[in-house]
Each structure stands twice: as C-alpha cells, then as structure tokens.
Amino acid sequence: MPGHVALTFDDGPDPASTAALLAALHRGGARATLFAIGRNARTYPRLLRQARNAGMWIGNHSWSHPDLTRLTPARTRAELRRTQAALRRAGGALPRLFRPPYGATGATVRAAAARLGLTEVLWDVDSRDWAGASTDDIVAAASGLTDGQVILLHERCPATLAAVPRILADLRARDLRPGRIDPATGRATGC
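### Brief notes about the side chain of H61
Phase 1 of the analysis: The topology assignment puts H61 in the loop between β3 (57–60) and α4 (73–89).
Phase 2 of the analysis: Residue classification places H61 among the buried residues on the basis of a relative accessible area of 1%.
Phase 3 of the analysis: Of note is the side chain of H61, whose polar atom sits 3.1 Å from the side chain of D11.
Phase 4 of the analysis: Polar side-chain contacts of H61 include one of 2.7 Å to the backbone oxygen of R99.

Okay, here's the thing in structure tokens:
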C-alpha cells in the first residue's frame, strides 16, 4: 500500500506562478495544499477558484504575512479572520488548515487559529526554496520525505516550479502519493 506525503505551497495566489504550478501538478496527476495569503486571495480570486477547481486544498496563511508572534492577540485574530473571509468570498468552504508565516508560532497564535477552527500545520522538510535553493537542492530535500510528512515549498520560486515534475517522479518511484493534510492530526494522509 502506498504512503502519502503533503506537498504544500505558500504565498499565493500569484499571477506569475499559480497557473504554472497548477499545470505542473495536473501533468503529474497530483494535488497539493496551497496556503494562501488573504490579500492575494482578495486581489486574485479567479486564481484561487482555479486552484480549488483543479482539486487543490486551500489553507490560511494570514492576511499580510507578518510574524504573528510579534502582533497583539487582537491583530493576530484579525489577520486570520480577515483571510478566512477573503478565502470564503473567493469561493469554497472555509479552510480548516493554517500555516503561520515563517513558521513563527506560539500559544497565542495557536489559540487564535483554534478559535477559528483552524489546525496549525508546520512542516517536516524545508525545501529552503525561500533562501534561493537550486532546483537540484529542492529535489534533494523532497527526496527525504517519508510517509505522513509535509514539505514546505513556495509557489513564487522559479526553481520550485522547475522541481515539481522531478519531485513527483521521485515520489512515484518510492511509492509515495501526494495527499491531503488531515485537520485532526496535521499529517499527510490519502485523498
């Protein structure tokens, strides 16, 4: 029986990258979780609807991508609540998953997310695409994924988009399937 991993892409939707990401995932027969920034969802709702229609799962990545641990509890709640509203307006169900920008979290951030029914999702493998990792480095990082794990990727990184077909080929060769993130556990599971 195949195992499952979660491919996650942060910081969209973005007119320069979302369509290319969706095309690469479609060609590979894969689905992923896209953690959307609220103001991007408000500005590009059509791209978010395209992602949903392509079978992607959508998560909350805050309104403006701040370090939430540096905000007051009220501002943290507002960042998440405003994003939930924008994602809902863009079509579809309210997200149940949340990723804090930079992975910066703590009790106040988790409590704000929980009040909105959101499960916080971090990652097991960091592709380091945000730090300028090469396509080869991103593929190598993904090759370390094991059953149930989550990888952090960013859709706006050209090297990441170039890595997607190779990541999918490697996963197939290792009998791992891209799956959804279970809101109860925050771990990858079957679709």
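There's plenty left to go through after this.
### With respect to the nonpolar core
Phase 1 of the analysis: Counting residues in each nonpolar core, the largest one holds 34 residues, and the members touching the most others are L7, F9, L25, L34, L145, I167 and L171.
Phase 2 of the analysis: Per-element accounting of this core gives the leading share, 6 residues, to helix α7 (residues 158–173).
Phase 3 of the analysis: Excluding residues that lie within four positions of it along the chain, L25 makes contacts with L7, F9, A30, A32, M56 and V164.
Phase 4 of the analysis: Formed by 8 residues, the second largest nonpolar core is a distinct cluster that contains L71, L80, V109 and A113.

### Describing the side chain of T33
Phase 1 of the analysis: As for its position among the elements, T33 is in strand β2 (residues 33–36).
Phase 2 of the analysis: Excluding anything up to four places from it in sequence, T33 contacts L7, T8, F9, W57, L97 and I181.

The rules behind the values
- Residues numbered from 1 in each chain as written.
- Predicted model: local features only at pLDDT ≥ 70, side-chain atom pairs only at ≥ 80, totals over all residues.
- Heavy atoms only, no water.
- Helix = DSSP H or I, 4+ residues; strand = E, 2+ residues; numbered from the N terminus.
- Buried < 20%, exposed > 50% of the residue type's maximum accessible area, 1.4 Å probe, protein only.
- Polar contact = N/O pair within 3.5 Å; in protein donor to acceptor, adjacent residues only side chain to side chain.
- Core = buried A, V, L, I, M, F, W, Y, C linked by side-chain atoms within 4.5 Å.
- Contact = heavy atoms within 4.5 Å.

Nothing here speaks to function; it is all geometry.
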